[in-house]
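Each chain is listed here by its residues.
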Amino acid sequence: MADNRHVPQGRISAEGREASLAAVRHEGAEDWTALLARALTVREEWDHAAAELDESEAEPGPNDGPWNAWHLLNHVGGFTACDAASLRALAAEEPAEIDPGLQWQGDDKTFLELRSGAIAGWDDYIAAVTEATIMQPDGGTATHPFFGPLTAREFIAFTLSHARDHARQMRALRGLEEGENPGDSAGDLGRRRQTAH
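Source: prediction; values computed, not measured.

### Let's talk about the environment of His75
When you line up the elements, His75 lands in helix α3 (residues 69-91). Considering only alpha carbons, one finds His75 and Gly106, 31 residues apart in sequence, at a separation of 8.7 Å. Sequence-distant contacts of His75, that is, excluding residues within four places in its chain, are made with Trp67, Gln103, Trp104, His162 and His166.

Take a look at the structure:
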C-alpha cells in the first residue's frame, strides 16, 4: 500500500501514525463538494484498476500472506459497505465504531460474488457521501482503533485514502500503468472527458 494508515497498529510507528492522521485531517478540511468530487474520482480509479479482472488473477487464500486480486475485492467490497453505514450514522449525528476486522465480504464468497460486492459497496458508499454532502453533518464521531476520533469529513478522507491505496495496489498486482483502464482500450472515456467541457 502507498502509506501506513491502514495497517495494523503493531506495524506502524508512532511517527507514521501521526503523519497519516495529519494528512487525513488536512484532506478532511476540504469542503463537502470537493470531498464528493474526490470520492467519484477515487471510485473511477478503482474501477479502472479492476476492469476486466479475470478469476485466474484472484486465487482465494488467507489474508495474512501476500494479497492478490481476490483479497482486494473481498476487502474493498467489505470496507466500502461498512464505511457507508458508519457515514450514515455520522450524518445522523450518531457515533460510529470502526472495526477493521469486520471490513471483509467473507472468505466463503466466489469470485463473481466478490466482484459484485465490490461494485455494490462502492455504489452504496458514493450514495452515502452524496447524502452526507446534502446534510453536511457537523456532529458525530467515527472512532478508529488506531487513529482515534474522526469527524465525518475526516472519515470520508480516511476511507478515500484507503481506497486509493488499494486501487494502486490492484494496478501494481496487474502490471497496469497509472490511469490505465483495461476496459477502455480505445481510450474513449478519456477522450469524452477531455471534450466534455
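Past the structure itself, the notes keep going.
### Points about α3
Counted at 1.5 Å a residue, the expected span for α3 with its 23 residues is 33 Å, and the 32 Å between its end C-alpha atoms agrees. Counting buried residues in α3 gives 19 out of 23 residues, a clear majority hidden from the surface. A distance of 2.7 Å separates the backbone nitrogen of Trp70 from a side-chain oxygen at the start of α3, and that oxygen is part of Asn68. The first or second residue beyond α3 is Glu93, which carries a positive phi of 60 degrees.

### Some points on helix α5 (residues 152-174)
Residues lying three or four places apart along an α-helix face the same way, a consequence of the helix completing one turn every 3.6 residues. With 23 residues, α5 extends 33 Å from end C-alpha to end C-alpha; this agrees with the ideal 33 Å at 1.5 Å per step. α5 sits mainly inside the fold: 18 of its 23 residues count as buried. Positive phi appears at Gly175, one or two residues downstream of α5, with a value of about 70 degrees.

### What to know about the environment of Phe111
Here Phe111 shows up in helix α4 (residues 111-135). The spacing of Phe111 and Leu53 is 58 residues in sequence and 10.0 Å in space, taken between C-alpha atoms.

### Considerations on the nonpolar core
Trp46, Leu87, Trp122, Tyr125, Ile156 and Met170 are the most contacted members of the largest nonpolar core, which has 45 residues in total. Counting residues per element, the ones that place at least two in this core are α1 (14-27), α2 (32-50), α3, α4 and α5. Dropping the residues within four chain positions of it, Tyr125 is found in contact with Thr80, Asp83, Ala84, Leu87, Ile156, Thr159 and Leu160.

### A short note on the sheet that holds strand β2 (residues 142-144)
Sheet architecture is open: 3 strands sit in the order β1-β2-β3, paired in mixed fashion. Looking at strand neighbours, the two that pair on one side only are β1 (96-97) and β3 (148-150), the edges of this open sheet. Judged from the 3 bridges that link them, β2 and β3 form a sheet pairing that is antiparallel. Each bridged residue has a counterpart across the sheet, and for His144 the counterpart in β3 is Gly148. Relative to β3, α5 is tilted by about 105 degrees, and along the sheet it contacts β2 and β3.

### Here's the deal with the packing of α3 against α5
Running from amino to carboxyl end, α3 crosses α5 at an angle of 170 degrees, the nearest separation of the two axes being 11 Å. Overall, the two elements α3 and α5 adopt an arrangement that is roughly antiparallel. On α5, the residues that touch Ala69, Leu72, His75, Val76, Phe79, Asp83, Ser86, Leu87 and Leu90 of α3 are Ala152, Phe155, Ile156, Thr159, His162, Ala163, His166, Gln169, Met170 and Leu173. Within the contact of α3 with α5, the residues separate by chemical class into 12 nonpolar, 6 polar and 1 charged.

Thresholds applied
- Residues numbered from 1 in each chain as written.
- Predicted model: local features only at pLDDT ≥ 70, side-chain atom pairs only at ≥ 80, totals over all residues.
- Heavy atoms only, no water.
- Helix = DSSP H or I, 4+ residues; strand = E, 2+ residues; numbered from the N terminus.
- Contact = heavy atoms within 4.5 Å.
- Expected span 1.5 Å × (residues − 1).
- Buried < 20%, exposed > 50% of the residue type's maximum accessible area, 1.4 Å probe, protein only.
- Polar contact = N/O pair within 3.5 Å; in protein donor to acceptor, adjacent residues only side chain to side chain.
- Core = buried A, V, L, I, M, F, W, Y, C linked by side-chain atoms within 4.5 Å.
- Pairing = 2+ DSSP bridges.
- Axes fitted to C-alpha atoms, helices over the stretch in contact; angles between N-to-C directions.
- Parallel < 35°, antiparallel > 145°, perpendicular 65-115°, else oblique.
- Nonpolar A, V, L, I, M, F, W, Y, C, P; charged D, E, K, R; others polar.

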